[in-house]
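# Understanding the architecture of this molecule
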Amino acid sequence: MAIIITDECINCGACEPECPNTAIYEGADDWRYKDGTKLTGKVILPDGTEVDSDAAQTPVSDEVYYIVPGKCTECKGFHDEPQCAAVCPVDCCIPDDNHVESEETLLNRQAFLHNE
């Protein structure tokens, strides 16, 4: 499953540089599929949706840092544990029950995002 940042976030930003997929953004910041990945131009996402990887996407949160579920791999393929949760001083990076995914799905996403 993806990780979510709860509203207990203190906006310290410790998590953002730790994400190997650049799936974490400051509240109200637009995000892009290309950020921190090898995706370029028009791409077909694993769910079949076509997107422009360069196009700005709507922020998931306007208040606190947030994680884009479609870019989160729980650090599978990079680390043994989610790095955002490991560095969070208030333990607000938790599993997202709305995005439950298998390890295989997370590893496939990691390969897709980084063209491996």
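Structural notes, computed from the coordinates. (Residues numbered from 1 in each chain as written. Predicted model: local features only at pLDDT ≥ 70, side-chain atom pairs only at ≥ 80, totals over all residues. Heavy atoms only, no water.)

Counting its regular elements, the protein chain contains two helices and six strands. Ordered by position from N to C terminus, the α and β elements of the protein chain give β-β-β-β-β-α-β-α. By the compact-globule yardstick of 13 Å for 116 residues, the protein chain fits well, its C-alpha radius of gyration being 13 Å. Principal-axis analysis of the C-alpha atoms places the extent of the protein chain at approximately 35 × 30 × 25 Å. Residue burial in the protein chain is summarised as follows: out of 116 residues, 41% are buried. Of the contacts made within the protein chain by residues no fewer than 6 positions apart, 74% connect residues no fewer than 24 positions apart. Total accessible area computed for the protein chain in this model is approximately 6300 Å², and 45% of it derives from carbon and sulfur atoms. Charge-centre separation for the protein chain: the mean point of 7 positive side chains lies 10 Å from the mean point of 24 negative side chains. (Helix = DSSP H or I, 4+ residues; strand = E, 2+ residues; numbered from the N terminus. Rg over C-alpha atoms; globule rule 2.2 N^0.38 Å. Buried < 20%, exposed > 50% of the residue type's maximum accessible area, 1.4 Å probe, protein only. Contact = heavy atoms within 4.5 Å. Areas by Shrake-Rupley, 256 points an atom, 1.4 Å probe, with all protein chains shown as cover. Lys, Arg positive; Asp, Glu negative; His and termini not counted. Charge placed at Lys NZ, Arg CZ, Asp CG, Glu CD.)

These figures come from the coordinates and say nothing about function on their own.
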